[in-house]
Amino acid sequence: MTDPPPQPTYRIEDLAHHTATTVRTIRAYQDRGLLPRPERRGRANVYSGAHVTRLHQIAHLLDRGYTLASIKELLDAWDTGRGLGGVLGLVTEVEGPWTDERPDRVTRAELDARFGGTPDDDAVSEAVELGVLERIDGDPDAFLVPSPQELSVAVELHAAGVPLSAISGHLRELRGQVEYIAARFLEFTTEYVFARCLHDPERRTDADAAEAASLVRRLRPLAQQTMDAELARAMRSLATRQLRTRLGAAQSPEEQHGARSVALPAKTIDAVERLVGHTRVSEFIALAVERELAARALDELATDAMIDRGVGEPP
């Protein structure tokens, strides 16, 4: 039986070259406790494959936005047997694609052609700022399109007569509303689902993190399905209401009671539009009126209670 081949060893300069880092960085990681000390052989410090693996792990986590302090906590968990593999799996699952869409590439000429053939540098810059387009290093005439569907929607809206500035403004507004919905969904699932496997970090195990990664895979499509169903319901309801209003369709007494036109000062409408946007003026005014009516009802109840107790009528 032959002996296993000896494991490769590295001087610090060789380790830095092999892992695409620097000698200074390696020493800094050692000082912070992120990297084990090398083995001393005579007058030389010798590093092993374990150091190569650890440096790759650190680089992987840094690329994903983790700080050195949080990386040290993860690596300490690994060293004490609480598991890093499951945590890295969870990180990969959460930060991986949340859609089946595949990014595409588009040239500037193709982009101009899809939007009517007239170059618009301001619109392109706006799309890059919003992340609809991403510039490609070394190729100034091409862009990466993270969501081809989103770009196609913009093309269709522009072809239907919507200005590009209006499309960008709508996307900004929509994105804020969707991020709120996403935050609520995550709070909801974290409270009722993920809390049990992301409990005390000091006792979290590799199996806990693996279970959380599995839950992400299972629950990830649910947000999309819920949004699709609720958006379809809301769009049908609102589109039907708008169509009847535009066409002047006859309304039943119930419908007339549910929605009636009221003349308001232009200054009031302008102020509400600046506050909540053009599309939500009626919703805001309705909610404000409901809140005022509720406040008055509460005041009336409180007043009646005071009179019943003989406190006296308010001035």
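Quick summary incoming for the structure in this document. What you are looking at is a predicted structure, and each value in this text was computed from that prediction instead of being measured.

## Observations concerning the sheet that holds strand S4 (residues 134-136)
- Pairing is antiparallel across the open sheet formed by three strands, whose spatial order is S3-S5-S4. Because the sheet does not close on itself, it has two edges, and the strands there are strand S3 (104-107) and S4. Strand-to-strand twist in this sheet, taken as the mean axis angle between neighbours without regard to direction, amounts to 40°.
- As paired elements, S4 and strand S5 (residues 139-145) share three bridges and run antiparallel to each other. If you follow Arg135 over to S5, its bridge partner there is Phe143.

## Some thoughts on unusual backbone geometry
- Despite not being glycine, Ala20 shows a phi value in the positive range, around 55°.
- Within the secondary structure layout, Ala20 lies in the loop between helix H1 (12-18) and helix H2 (23-31).

## Regarding the pattern of salt bridges
- By the definition in use, this model includes 10 salt bridges.
- In this structure, Asp31 and Arg37 form a salt bridge, with 3.5 Å as the shortest nitrogen-oxygen distance. Arg37 carries the same exposure label as Asp31, and that label is exposed.
- Among the salt bridges present, the one from Glu129 reaches Arg172, with a minimum N-O distance of 3.2 Å. On the criterion of sequence distance, the pair formed by Glu129 in helix H7 (residues 121-130) and Arg172 in helix H9 (residues 164-192) is long-range, its members being 43 residues apart.

## Concerning the nonpolar core
- Within the largest apolar cluster, 16 residues are counted, with the highest numbers of intra-cluster contacts made by Leu15 and Ile26.
- For this core, the secondary structure elements donating two or more residues are H1, H2, helix H3 (49-63) and helix H4 (68-79).
- With four residues, H3 is the single largest residue contributor to this core.
- The residues touching Ile26, leaving out its near neighbours within four places in the chain, are Ile12, Leu15, Ala16, Thr21, Leu35, Tyr47 and Leu55.
- Membership of the second largest hydrophobic core comes to 15 residues, among which are Ala127, Leu151, Ala154 and Leu171.

## Overview of a nonpolar patch on the surface
- A surface patch of nonpolar side chains, amounting to about 440 Å² of accessible area, comprises Leu174, Val178, Tyr180, Ile181 and Met227.
- With respect to the helices, strands and loops of the structure, Tyr180 is situated in helix H9.

## Overview of the side chain of Ser168
- Within the secondary structure, Ser168 is located in helix H9.
- Assessed through its relative accessible area of 14%, Ser168 is described here as buried.
- Once residues within four sequence positions are removed from consideration, Ser168 is found in contact with Glu126 and Leu130.

Basis of the calculations
Residues numbered from 1 in each chain as written. Predicted model: local features only at pLDDT ≥ 70, side-chain atom pairs only at ≥ 80, totals over all residues. Heavy atoms only, no water. Pairing = 2+ DSSP bridges. Helix = DSSP H or I, 4+ residues; strand = E, 2+ residues; numbered from the N terminus. Axes fitted to C-alpha atoms, helices over the stretch in contact; angles between N-to-C directions. Salt bridge = Lys/Arg side-chain N within 4 Å of Asp/Glu carboxyl O. Buried < 20%, exposed > 50% of the residue type's maximum accessible area, 1.4 Å probe, protein only. Core = buried A, V, L, I, M, F, W, Y, C linked by side-chain atoms within 4.5 Å. Contact = heavy atoms within 4.5 Å. Patch = residues over 30% accessible without salt bridge, like charges linked within 9 Å, V, L, I, M, F, W, Y side chains within 5 Å. Areas by Shrake-Rupley, 256 points an atom, 1.4 Å probe, with all protein chains shown as cover.

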